[in-house]
Amino acid sequence: MKRSKRLFGEVDGRPVYEYTLENSRGMQLSIMDYGAAVTAIKTPDKKGNIQNIVLGFDSVAPYVVYRPFYGATIGRVAGRIAAGKVVLEGKEVQLMVNEGKNHHHGGIPAFESRFWEVDEAATEETLVFTYLSPDGENGYPGNLTVQVKHSLTEENEWKIHYTATTDKTTLFNPTNHVYFNLSGDHTKGVLNHMLQLESDQYAPLKEDSIPTGSLLEVEGTPFDFREPAPLKKGVESDHPQTVANRGYDHPFVLRQSADHPAGQLVDPESGRRIRFYTDRESVVVYLNNWVEGAYEIEGRKVQPYSGIALETQMLPDAIHHPNFGETILKPDETFYSETTYQFDTL
């Protein structure tokens, strides 16, 4: 295993570094200390051609200007919280409202726009990032210490381990917002990628993308990925949920299994495949639906459906829906979660 470091630009006069792990099979995982964000994942296709299969830029500047969340660590809470209002230990807490009337992805700025400390003494197989989110940041109570450990294995696995502690009761529901495009060419889009999910239910959304609180069966809908199906079926569907969101931006409830993939993504053309495993109860599937050439990657404008995010997390807005699981973290607890993405070819 090789480990390297390079200057990736600067933010407010502070240097930003990109760290790269490379295994003996040629797979590379690159992450910068700004936002603890994945900047590149390079894997071979079925012919052995190695390409970057995630959306990202070649320096930090566009991440700051456009804030696309590419590869970023998201928190304290991923997704949206209705009106930014929560009740913790009987007291109402008002979080920052930063998307319409709602709280989104931890507020602005949040984890994706912070510098993370890097453990320079970590092993060659791991990159460890730590951030102290201060009491009151974007309205959240408690000093929250977060550690995210990224590992690359010789089996072409990318493992993400999250741990966190707090000194006051707070909310915590992180994710990583990497966008995959297994073709290695963002201009080809992902609509012909084949997705399969171990999921019988999805969470429908209201007009402002807040979950309604109900869980609906996927059977007979464009949300049925129990067998592999192309992503374009949702974009081309007349289902009111996919029409309103121009495709998918929805949480899927996962069937839990420690030794079985929660799902997989395949690009038939390149032969690349991702299988993912997680201890989280859901995955949010999002296709970069709303991008309209606002910025470029490698000199070519990014268009809708250029990538797919598979965001493992607890169901969004869980604090308002008792059937959505627990996202409260207390001072006597340690949060722990792990997600693994495994890469190969068919």
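A brief report on the enclosed structure follows. For clarity, every value in this text was computed on a predicted model and none was experimentally measured.

It is worth spelling out the environment of Q241 at this point. Among the secondary structure elements, Q241 is positioned in helix α3 (residues 240-244). Take Q241: its relative accessible area is 13%, and that puts it in the buried class. Ignoring any residue separated from it by four or fewer positions in sequence, one finds Q241 in contact with Y202, P204, L205, F223, G247 and H250. Within polar-contact distance, the side chain of Q241 engages the side chain of H250 at 2.9 Å.

Moving on, we get to the packing of aromatic side chains. Across all of its chains, the model carries 22 aromatic pairs by this definition. Ring centres 5.0 Å apart and planes at 25° place the aromatic pair W158 and Y341 in the stacked group. Of this pair, W158 sits in strand β14 (residues 157-166) while Y341 sits in strand β30 (residues 335-345), and the two are 183 residues apart along the sequence. W158 sits in the buried class, given a relative accessible area of 0%. The class for Y341 is buried, based on a relative accessible area of 1%.

Attention shifts here to the pattern of salt bridges. In the structure shown here, the tally under the stated rule is 20 salt bridges. Of the charged contacts, one joins R80 and E99 as a salt bridge, the two residues approaching to 2.5 Å between their closest N and O atoms. Here R80 is found in strand β7 (residues 80-81), whereas its partner E99 is found in the loop between β9 (91-94) and β10 (103-104), with 19 residues between them in sequence. The class of E99 is partly exposed, set by a relative accessible area of 27%. Residue D249 pairs with R80 through a salt bridge whose shortest N-O separation is 3.9 Å. Taken together, the residues D249 in strand β22 (residues 249-253) and R80 in strand β7 connect sequence positions 169 residues apart. R80 sits in the buried class, given a relative accessible area of 14%. Connected through salt bridges with shared partners, the residues E198, D200, D224, R226 and R255 form a single ionic network.

So, on to the nonpolar core. By size, the foremost hydrophobic cluster in this structure holds 54 residues, and its most contacted members are I41, W158, F180, F252, V285, I308 and F343. Contact partners of W158, with chain neighbours within four places excluded, come to L29, V38, I41, H150, S151, N176, V178, F180, T339, T340, Y341 and F343. Judged by nonpolar contacts, the second largest core, of 23 residues, contains F8, L55, Y63 and A309.

Along the chain, D33 turns up in the loop between β3 (28-32) and β4 (37-44). Within the buried set, D33 has no salt-bridge partner at all; the shortest N-O distance to an opposite charge, 6.0 Å, is to R14. Setting aside anything within four residues of it in sequence, one finds D33 in contact with V16, Y17, Y19, R114, F115, W116, V118 and F129.

This paragraph deals with the sheet that holds strand β2 (residues 14-22). Across the sheet, which stays open at both edges, the five strands sit in the order β1-β2-β3-β4-β5 with antiparallel pairing between neighbours. Both edges of this open sheet fall to β1 (2-11) and β5 (50-52), since each of them pairs with a single strand only. Averaged over all pairs of adjacent strands, the angle between strand axes in this sheet comes to 20°, irrespective of strand direction. By the bridge criterion, five bridges tie β3 to β4 in an arrangement that is antiparallel. Its bridge partner being in β4, I31 is matched across the sheet by V38.

Here G325 is to be found in the loop between β28 (308-313) and β29 (328-329). Take G325: its relative accessible area is 29%, and that puts it in the partly exposed class. C-alpha separation for the pair G325 and M314, spaced 11 residues apart in sequence, amounts to 6.7 Å. Here G325 is in contact with E281, M314 and A318, once residues within four sequence places are set aside.

With four of its five residues buried, β22 lies for the most part within the structure. Pairing between strand β19 (residues 201-202) and β22: two bridges, direction antiparallel. From the neighbouring strand, Y202 faces β22, where its bridge partner is F252. Bridge analysis of β22 against strand β25 (residues 282-286) gives five bridges, and the strand direction is antiparallel. Bridging from a neighbouring strand, P251 pairs with V284 of β25.

Mapped onto the elements of the fold, T340 is located in strand β30. Here K159 takes part through its side chain, which lies 3.5 Å from a polar atom of the side chain of T340.

A few words on the environment of Q51. Assignment of secondary structure puts Q51 in strand β5. On the basis of relative accessible area, Q51 is assigned to the partly exposed category, the value being 29%. A C-alpha to C-alpha distance of 9.7 Å links Q51 and Q28, two positions 23 residues apart in sequence. Sequence-distant contacts of Q51, that is, excluding residues within four places in its chain, are made with I41, K42, T43, D45, S183, G184 and R272. Within the local environment of Q51, its side chain forms a polar contact with the side chain of R272, the two groups lying 3.2 Å apart.

Cut-offs and rules
Each chain has its residues counted from 1, running along the sequence as written. Per-residue local features are limited, in this predicted model, to residues with pLDDT of at least 70; the limit for side-chain atom pairs, both in listing and counting, is 80 or more; totals at the level of whole chains, interfaces and linings are taken over all residues. Excluded from the side-chain calculations are hydrogens and water; all other atoms, namely the structure's heavy atoms, are used. Counting from the N terminus, the helices are the DSSP runs of H or I reaching at least four residues and the strands are the DSSP runs of E reaching at least two. Accessibility here uses a 1.4 Å probe with only protein chains present; expressed as a share of the type maximum, an area under 20% marks a residue as buried, one over 50% as exposed, and anything in between as partly exposed. It only takes one pair of heavy atoms within 4.5 Å for two residues to be counted as in contact. For this analysis, a polar contact is any N or O atom pair within 3.5 Å, provided that within protein one partner can donate a hydrogen and the other can accept it, and provided that sequence-adjacent residues contribute only side-chain to side-chain pairs. Between rings of Phe, Tyr and Trp, where Trp is taken as its six-membered ring, a pair exists when centres lie within 6.5 Å; planes separated by under 30 degrees are stacked, by over 60 edge-to-face, and by other angles tilted. Salt bridge, as used here: a side-chain nitrogen of Lys or Arg that lies within 4 Å of a carboxyl oxygen of Asp or Glu. Only buried residues count toward a nonpolar core, which is a set of Ala, Val, Leu, Ile, Met, Phe, Trp, Tyr and Cys residues joined through side-chain atoms within 4.5 Å. Counted as positive: Lys and Arg. Counted as negative: Asp and Glu. His and the chain ends are not counted at all. Pairing between strands is defined by DSSP: at least two bridges between the two strands are required. Angles here are taken between N-to-C directions and fall from 0 to 180 degrees, while the axes themselves are lines fitted to C-alpha atoms, restricted in helices to the stretch in contact.

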